[in-house]
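Letter by letter, the chains look like this.
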Amino acid sequence: MIQRIQTVYLLLAALVSGGLIWVIEYYLNGEGNEFVGMDENLYFGIFMGSALMSVIAVFLFGNRQLQTVVNRLNLLLNLFILGVYVYQSLMMSGETAVSEKGIGMFIPILSIVLIVLANKAIRKDEQLVKSADRLR
């Protein structure tokens, strides 16, 4: 389980989704208040859900199809939060006070990349198992 590369990718995705929301700011509003992911319950819940789905996918190593489905749901969740952040970013640009967009908006993109890499490794494992079954 731990020796597989997709486990490393999924644990990194869980760390990114669940850990970085505590430290990286998403934007500074016009008053200079920084916004991090744990400030709003909706964002916090979505990121914790994404981290939980990544951890659950790690323990589904025996059922690769279900592991892939959980990863795809996690991708959809991250795409949703990315869409919300892009929408917020576009709506902030017309403010009267100058606001600053932070690097925290790239957390869902990093998580998406890690989950896609994990799905690719899972698919590779599935092909290896199928080829070994043909040899028997």
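Scroll up a little and you will see the structure.
These numbers come from a predicted model, not from an experiment. (Residues numbered from 1 in each chain as written. Predicted model: local features only at pLDDT ≥ 70, side-chain atom pairs only at ≥ 80, totals over all residues. Heavy atoms only, no water.)

Moving on, we get to the overall build of the chain. For the chain, the helix and strand inventory stands at 4 helices and 3 strands. In the chain, the succession of helices and strands from N to C terminus is α-β-β-α-α-β-α. The buried share of the chain, reckoned over its 136 residues, is 40%. Within the chain, contacts between residues separated by at least 24 positions form 73% of all contacts whose residues are at least 6 apart in sequence. If you sum the accessible surface of the chain, you get close to 8000 Å²; carbon and sulfur atoms cover 67% of it. (Helix = DSSP H or I, 4+ residues; strand = E, 2+ residues; numbered from the N terminus. Buried < 20%, exposed > 50% of the residue type's maximum accessible area, 1.4 Å probe, protein only. Contact = heavy atoms within 4.5 Å. Areas by Shrake-Rupley, 256 points an atom, 1.4 Å probe, with all protein chains shown as cover.)

An α-helical turn contains 3.6 residues, so a residue and the one three or four places further along point in the same direction. Across its 15 residues, helix α1 (residues 5-19) extends 20 Å between first and last C-alpha, which sits within 8% of the 21 Å expected from 1.5 Å per residue. Where α1 is concerned, the buried positions are Q6, T7, L10, A13, A14, V16, S17 and G18. (Expected span 1.5 Å × (residues − 1).)

Looking now at a nonpolar patch on the surface. Together, L66, V69, L73, L76 and L79 make up a nonpolar patch on the protein surface, roughly 440 Å² of accessible area in all. Structurally, the position occupied by L66 is in helix α3 (residues 64-92). Looking at L66, the relative accessible area reads 38%, which means it is partly exposed. (Patch = residues over 30% accessible without salt bridge, like charges linked within 9 Å, V, L, I, M, F, W, Y side chains within 5 Å. Salt bridge = Lys/Arg side-chain N within 4 Å of Asp/Glu carboxyl O.)

A few words now on helix α2 (residues 41-58). The end-to-end C-alpha distance of α2, which contains 18 residues, comes to 26 Å, matching closely the 26 Å that a straight helix rising 1.5 Å per residue would cover. All buried positions along α2 are accounted for by Y43, I46, F47, S50, A51, S54, A57 and V58. The arc that holds the buried residues of α2, viewed along the axis, is 130°, so those residues lie on one side. Opposite the buried face of α2, by more than 90 degrees, sit the exposed residues N41, L42 and L52. (Arc of directions from axis to C-beta.)

Looking now at the nonpolar core. Of all hydrophobic cores here, the largest spans 15 residues; its most connected members are F47, I81 and Y85. Ranked by size, the runner-up nonpolar core spans 6 residues in total, among them L10, L60, V70 and A118. (Core = buried A, V, L, I, M, F, W, Y, C linked by side-chain atoms within 4.5 Å.)

Moving on, we get to the packing of α1 against α2. Where α1 meets α2, the closest approach of the two axes is 8 Å, and the angle between their N-to-C directions is 165°. As far as their axial angle goes, α2 and α1 are roughly antiparallel. Considering only the axes of α1 and α2, their crossing is left-handed. From α1, T7, L10, L11, A13, A14, S17 and G18 reach across to α2, where they touch F47, M48, S50, A51, S54, V55, A57 and V58. In the contact of α1 with α2, the residues fall into 10 nonpolar, 5 polar and no charged. (Axes fitted to C-alpha atoms, helices over the stretch in contact; angles between N-to-C directions. Parallel < 35°, antiparallel > 145°, perpendicular 65-115°, else oblique. Left-handed = near helix turned anticlockwise from the far one by under 90°. Nonpolar A, V, L, I, M, F, W, Y, C, P; charged D, E, K, R; others polar.)

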